[in-house]
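# What the coordinates show
Below, each chain spelled out in residue letters.
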Amino acid sequence: AANMFSPSVPVSGLLGSYYPTLDWTGTPAFTQVDPQIDFYYQVGPLPQPFSVHWTGSLFAPVDGAYAFALKSNPGSWLRIDGQSVVDNSVGQNATTKGDMNLSLGWHTIDVQFQDQGGHTQIYLSWMPPGTTQPEWIPSKYLSPPMGQLPPSP
């Protein structure tokens, strides 16, 4: 059995609630844990228009200034600890950036996305302190909502 099954399955990523409406209202069509927010849909998860709201926690591995970016077609928004960090409502295939100082540890995160038609895509990236290139946020630094978070990923 030890060779066939992992004794524990790590839970990482954000909880995505997928709505058949453009404004995150009503009952989600489905929910799932998405390891990262880096999607270019050839076939969308729902008929257009639809919206997605991802929630959970983000782990900051060090204290300091973090740069975040959202690229989407068209609208997406990022909040960390309840503060707006990125408002990407400017238009098609736009990338919008924002900065935030984070302390070492877990922070609440939520990302909202509206798909109004066209080339459906959304990408969330970051540049932690001391780095010079943006990267998708590694799944191990994302956690869906849960009762108690581990001390570190």
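### Examining empty space enclosed by the protein
The final tally for this structure, using the stated rule, is one cavity of 30 Å³ or more. Looking at the largest cavity, its volume works out to about 30 Å³. In this structure, the largest cavity is lined by Gln-36, Ile-37, Leu-124, Trp-136, Ile-137 and Leu-142. Here the residues of the lining of the largest cavity are counted per class, giving five nonpolar, one polar and no charged.

### Comments concerning unusual backbone geometry
Glycine aside, residues mostly have negative phi, and peptide bonds are mostly found in the trans state. Following Gln-48, the chain continues to Pro-49 via a peptide bond in cis, the omega torsion being -5°. Positive phi values are uncommon outside glycine, yet Trp-24 reaches one of about 60°. Along the chain, Trp-24 falls in the loop between β1 (14-19) and β2 (30-34). Phi is positive for Asp-81, which is not a glycine, with a value near 50°.

### Comments concerning the confidence of the model for the protein chain
For the protein chain, per-residue confidence averages 90 on the pLDDT scale, and 93% of positions sit at 70 or higher. When mean pLDDT is compared element by element in the protein chain, strand β4 (residues 50-60) scores highest at 97, while strand β3 (residues 38-40) scores lowest at 90.

### A few points about the packing of aromatic side chains
Going through the model one piece at a time under the given rule, you end up with 14 aromatic pairs. Pairing Tyr-18 with Trp-54 gives two aromatic rings, centres 6.2 Å apart and planes at 80°, and the pair type is edge-to-face. Taken together, the residues span a long stretch of sequence, with Tyr-18 in strand β1 and Trp-54 in strand β4 at a distance of 36 residues. We classify Tyr-18 as buried; its relative accessible area is 1%. On the numbers, 5.9 Å between centres and 85° between planes, the contact of Trp-24 with Trp-77 is edge-to-face. Placement of Trp-24 in the loop between β1 and β2 and of Trp-77 in strand β6 (residues 75-80) is noted, with a sequence separation of 53 residues between them.

### Here's the deal with the pairing of β6
Burial analysis of β6 places five of its six residues in the buried class, the great majority of the element. Between the end of β6 and the start of strand β7 (residues 83-88), which pair antiparallel, lie two residues, with Asp-81 showing a positive phi angle near 50°.

### Here's the deal with the pairing of strand β9 (residues 105-115)
Among the eleven residues in β9, nine count as buried, and that is most of the element. As paired elements, β6 and β9 share six bridges and run antiparallel to each other. When the sheet's bridge partners are listed, Arg-79 is paired in β9 with Asp-110.

### Focus on the environment of Val-111
If you trace the backbone, Val-111 turns up in strand β9. Residue classification places Val-111 among the buried positions, given a relative accessible area of 0%. Sequence separation of Val-111 and Val-52 is 59 residues, and the distance between their C-alpha atoms is 8.1 Å. Residues in contact with Val-111, not counting those within four places in the same chain, are Ile-37, Val-52, His-53, Trp-54, Leu-70, Trp-77, Leu-78, Ile-122 and Leu-124.

### Describing the environment of Pro-61
Secondary-structure assignment places Pro-61 in the loop between β4 and β5 (64-73). Classification of Pro-61 by relative accessible area gives partly exposed; the value is 28%. Considered as a pair, Pro-61 and Ser-17 are 44 residues apart in the sequence and their alpha carbons are 27 Å apart. When near neighbours in sequence (up to four residues on either side) are disregarded, Pro-61 contacts Tyr-66, Leu-104, Trp-126 and Tyr-141.

Procedures and definitions
Residues numbered from 1 in each chain as written. Predicted model: local features only at pLDDT ≥ 70, side-chain atom pairs only at ≥ 80, totals over all residues. Heavy atoms only, no water. 1 Å grid on protein atoms, 1.4 Å probe; cavity = no way out; pocket = protein on both sides within 12 Å on 5 of 7 lines; lining within 4 Å. Points joined across faces, edges and corners; volume = space filled by probe spheres on them. Nonpolar A, V, L, I, M, F, W, Y, C, P; charged D, E, K, R; others polar. Helix = DSSP H or I, 4+ residues; strand = E, 2+ residues; numbered from the N terminus. pLDDT = per-residue confidence, 0-100. Phe/Tyr/Trp six-rings, centres within 6.5 Å; stacked < 30°, edge-to-face > 60°. Buried < 20%, exposed > 50% of the residue type's maximum accessible area, 1.4 Å probe, protein only. Pairing = 2+ DSSP bridges. Contact = heavy atoms within 4.5 Å.

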